[in-house]
Structures are given as C-alpha cells and as structure tokens.
Amino acid sequence: MSTPTFYVKVLNLSDAVVANPLPVAGVEFSDVAYVPGQMNLGTCRLLLNDIRDPLYDYCRDSYHSLDYQQRIEIYADKDRKATPVWTGVITELPSSLDRLEVVGEGILHRLN
C-alpha cells in the first residue's frame, strides 16, 4: 500500500502566502478532536529537506520565511483548492541542523 502524499501551504497572520507549496520531505499529522472538558488540539510535524539534500537550495528561502504562529494548511490534493485535511499554527521551529522539522498544533491553539 502506498503512503498518501500531502501538500503544505503556509500563511502569515495577515493571510498572505508564505509558501505554497512548502517543499517538505514528509508530513505527519493527527486529527483535531474536541472532547468537552479537555483540550485536544491535534498536532503536525513537517520534516524539512536536509541541508545535504540537493533540493535544499531550492527550499532555503521558504524555510527561512517560516515563523511562529503562521498558519499551516495540509491538503490531499496537489492544487490545494479543496478543504484542507488539517489546519493549525507553527509552534516549534528547527533549533539546530540536527532536527530539521517544524511542529504545529491544531487551529484551536489560538483560542487557548
């Protein structure tokens, strides 16, 4: 069975596009669920291309444009026109070249 391909769009707080698509090496996310009395936001992890990857030079400007609280939209369709399958905000950025990933929490994070 093949792994589904997801496409990522990132927007700033003014809804201006930061990257569309954001080139990534992998996408992982959990569904956002609401359980009364509990806060379950759902999370995502975007694996960035390694600096030794030939694609890194193409990705560098997009990666350097990422910032906290920017909106992440994950789509199942390449054109990114359908409803996103996951939406959230960036809560963690790479702290070193050893951990090239961006972490986000579900959009309910802004209500917290």
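Structure: see above.
Residues numbered from 1 in each chain as written. Predicted model: local features only at pLDDT ≥ 70, side-chain atom pairs only at ≥ 80, totals over all residues. Heavy atoms only, no water.

Trainee: What should I look at first to understand the layout of surface pockets in this one?
Mentor: To find leftover empty space, a probe the size of one water molecule is rolled over the atoms. Its boundaries defined by the atoms lining it, the largest pocket holds a volume of some 190 Å³. If you trace the largest pocket, you find 13 residues lining it, with Thr-5, Phe-6, Tyr-7, Val-24 and Val-27 closest to the centre. Elements that contribute at least two residues to the lining of the largest pocket include exactly strand S1 (7-11) and strand S3 (26-29). Lining of the second largest pocket is provided by ten residues; of these, Leu-48, Tyr-56, Tyr-63, His-64 and Pro-94 occupy positions nearest its centre. Element by element, the count of residues in the lining of the second largest pocket is highest for helix H1 (residues 56-64), at three residues. Considered class by class, the residues forming the lining of the second largest pocket number nine nonpolar, one polar and no charged. (1 Å grid on protein atoms, 1.4 Å probe; cavity = no way out; pocket = protein on both sides within 12 Å on 5 of 7 lines; lining within 4 Å. Points joined across faces, edges and corners; volume = space filled by probe spheres on them. Helix = DSSP H or I, 4+ residues; strand = E, 2+ residues; numbered from the N terminus. Nonpolar A, V, L, I, M, F, W, Y, C, P; charged D, E, K, R; others polar.)

Trainee: Is there a simple way to explain the packing of aromatic side chains in this structure?
Mentor: The geometry of an aromatic ring pair is captured by the separation of the ring centres together with the interplanar angle, meaning the angle of the planes. By the definition in use, this model includes two aromatic pairs. Between the aromatic rings of Phe-6 and Phe-29, the centroid separation amounts to 5.1 Å while the plane-to-plane angle is 80°, which identifies the pairing as edge-to-face. Placement of the pair is Phe-6 in the segment before S1 and Phe-29 in strand S3, with a sequence separation of 23 residues. For Phe-6, a relative accessible area of 22% gives the class partly exposed. Classification of Phe-29 as partly exposed rests on a relative accessible area of 26%. Note on Tyr-56 and Tyr-63: the rings are 6.1 Å apart at their centroids and 55° apart in plane angle, and the pair reads as tilted. Both residues of the pair, Tyr-56 and Tyr-63, belong to the buried class. (Phe/Tyr/Trp six-rings, centres within 6.5 Å; stacked < 30°, edge-to-face > 60°. Buried < 20%, exposed > 50% of the residue type's maximum accessible area, 1.4 Å probe, protein only.)

Trainee: Explain unusual backbone geometry here, please?
Mentor: For residues other than glycine, phi is negative in most cases, and the peptide bonds are mostly trans. With an omega of 0°, the peptide bond running from Asn-20 to Pro-21 counts as cis. On the secondary structure map, Pro-21 appears in the loop between strand S2 (17-19) and S3. At Asp-15, a residue that is not glycine, the phi angle is positive and equals roughly 70°. Along the chain, Asp-15 falls in the loop between S1 and S2. Residue class for Asp-15 comes out partly exposed when judged on its relative accessible area of 47%.

So yeah, pure geometry; function would need other evidence.
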